[in-house]
Amino acid sequence: MSAPDVVLDLYPGLVPAGGIGRYVRDVAAALRDRPDAPPHRFAVPRELRDVARARYRAEECLELPFDSRVMRLAGVVSAQLGIAFDAWFGSPAVFHAPMGAGPLMSGARTIASVHDLTFLQHPEWHPARTVFLLQRTVPVVARRATRVLCHSDWVRREVQAAFDIPEERFVVIPPPVGQNHDDAVGVEARPSGRVRHEQ
């Protein structure tokens, strides 16, 4: 198979990861369903192959020969030592790191999503291993990324100030409602929501 145009790190979309997981599933759905989407693969760590196979076509999955712990370690080693890992991911043209944790790439353009800086500002809100990973990777990966994706101008300003990244490298895209949104629920909830907020 030829090198994909885009590789998306699918890990956060396969585990309970809150808003980041939902974001990754929405990006995967767009790549899968849009007729104008570029050739792509979803990077899947070894222990989540069965989960990915149940949700995505086999040809979409880039099944990695290692588990997510090795992937996190690779991100830290990559950021701290400047080692690129393009070959592990099929040498894509674009690598999307939806947690902003890398690893670094040398030939691929990297899109690093930075959802917030709570791992720096409020590390007590996260598991210790998440803090360890993000504090050691996100600043380096974001500075080296071709584009840094944020969900709001507030986060963009915080990231820009914290990591000294030129403004032109940022793209701000508010999070979508989501692929599984059911507007009927919203329609039914409007009257009770209006009453609650008018009191």
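Every value quoted in this text rests on a predicted model; they were computed, and no experiment measured them.

**So, the overall build of the chain**
Scanning the chain for helices and strands turns up 8 helices and 7 strands. Contacts in the chain between residues far apart in sequence, at least 24 positions, make up 53% of those at least 6 positions apart. Per element, the accessible surface of the chain, about 10800 Å² overall, is 55% carbon and sulfur.

**Focus on the pairing of strand E4 (residues 94–97)**
On E4, burial covers both faces: Val-94 and His-96 on one face and Phe-95 and Ala-97 on the other are all buried. Summarising the sheet, strand E1 (residues 6–9) and E4 pair through 3 bridges and their orientation is parallel. Of the residues in E4, the one forming a bridge with Val-6 is Val-94. The sheet contact formed by E4 and strand E5 (residues 109–113) spans 4 bridges and is parallel. Along E5, the bridge assignment pairs Ala-97 with Ala-112.

**Some remarks on the pattern of salt bridges**
Per the stated rule, a full pass over the model turns up 9 salt bridges. The shortest N-O distance in the salt bridge between Asp-36 and Arg-34 comes to 2.9 Å. Exposure remark for Asp-36: the relative accessible area of 54% places this residue in the exposed category. The partner of Arg-57 in a salt bridge is Glu-59, with the nearest N and O atoms 3.1 Å apart.

**Thoughts on the sheet that holds strand E7 (residues 170–172)**
What the 7 strands build is an open sheet, ordered E3-E2-E1-E4-E5-E6-E7; its pairing is parallel. Each of the sheet's edge strands pairs with one partner strand only, and the pair in question is strand E3 (61–63) and E7. Each strand of the sheet is rotated relative to its neighbour by a mean of 25 degrees, with strand direction disregarded.

**Some remarks on helix H4 (residues 68–81)**
Here H4 contains 14 residues, and its C-alpha end-to-end distance of 20 Å stays within 8% of the 20 Å for a straight helix at 1.5 Å per residue. Inspection of H4 places Ser-68, Met-71, Ala-74, Gly-75, Val-76, Ser-78 and Ala-79 among the buried residues, and these make up the whole buried set. The inward-facing, buried residues of H4 abut E1, helix H1 (11–14) and helix H6 (128–144).

**Observations concerning the confidence of the model for the chain**
In the predicted model, the chain carries a mean pLDDT of 89, and 86% of its residues have values of at least 70. Across the chain, the element-wise mean pLDDT spans from 49 in helix H8 (residues 183–198) up to 97 in E4. Contacts for the low-pLDDT stretch residues 192–199, under 50 throughout, to residues beyond four places or in other chains number 0 contacts.

**Let's talk about the nonpolar core**
With 20 residues, the main nonpolar core has Val-114, Val-148, Val-159, Phe-163 and Ile-165 as its most contacted residues. Put simply, the parts of the chain that give this core at least two residues each are H6, strand E6 (147–150) and helix H7 (153–163). Sorting elements by how many residues they give to this core places H6 first, with 5 residues. The contact partners of Phe-163, leaving out residues within four places of it in the chain, are Leu-117, Phe-119, Leu-120, Val-138, Pro-139, Ala-142 and Arg-143.

**Observations regarding the side chain of Ser-113**
Within the element layout of this structure, Ser-113 appears in strand E5. According to the relative accessible area criterion, Ser-113 is buried, its value standing at 1%. Reaching out from Ser-113, the side chain makes a polar contact with the side chain of Tyr-23 at a distance of 3.2 Å. A distance of 3.0 Å separates the side chain of Ser-113 from the side chain of His-96, its partner in a polar contact. Beyond its immediate sequence surroundings of up to four residues, Ser-113 is in contact with Tyr-23, His-96, Ala-97, Pro-98, Met-99, Gly-100 and Leu-149.

**Some thoughts on the packing of H4 against H6**
Axis separation between H4 and H6 bottoms out at 9 Å; the angle between their running directions is 45 degrees. One element, H4, and the other, H6, form an angle in the oblique class. Seen along the crossing, H4 lies across H6 with a hand that is left-handed. Within the contact between the two elements, H4 uses Arg-72, Gly-75, Val-76, Ala-79 and Gln-80 and H6 uses Phe-132, Leu-133, Arg-136, Thr-137 and Val-140. Tallied by class, residues from the contact of H4 with H6 come to 5 nonpolar, 3 polar and 2 charged.

Reading the values: the criteria
Residues numbered from 1 in each chain as written. Predicted model: local features only at pLDDT ≥ 70, side-chain atom pairs only at ≥ 80, totals over all residues. Heavy atoms only, no water. Helix = DSSP H or I, 4+ residues; strand = E, 2+ residues; numbered from the N terminus. Contact = heavy atoms within 4.5 Å. Areas by Shrake-Rupley, 256 points an atom, 1.4 Å probe, with all protein chains shown as cover. Buried < 20%, exposed > 50% of the residue type's maximum accessible area, 1.4 Å probe, protein only. Pairing = 2+ DSSP bridges. Salt bridge = Lys/Arg side-chain N within 4 Å of Asp/Glu carboxyl O. Axes fitted to C-alpha atoms, helices over the stretch in contact; angles between N-to-C directions. Expected span 1.5 Å × (residues − 1). pLDDT = per-residue confidence, 0-100. Core = buried A, V, L, I, M, F, W, Y, C linked by side-chain atoms within 4.5 Å. Polar contact = N/O pair within 3.5 Å; in protein donor to acceptor, adjacent residues only side chain to side chain. Parallel < 35°, antiparallel > 145°, perpendicular 65-115°, else oblique. Left-handed = near helix turned anticlockwise from the far one by under 90°. Nonpolar A, V, L, I, M, F, W, Y, C, P; charged D, E, K, R; others polar.

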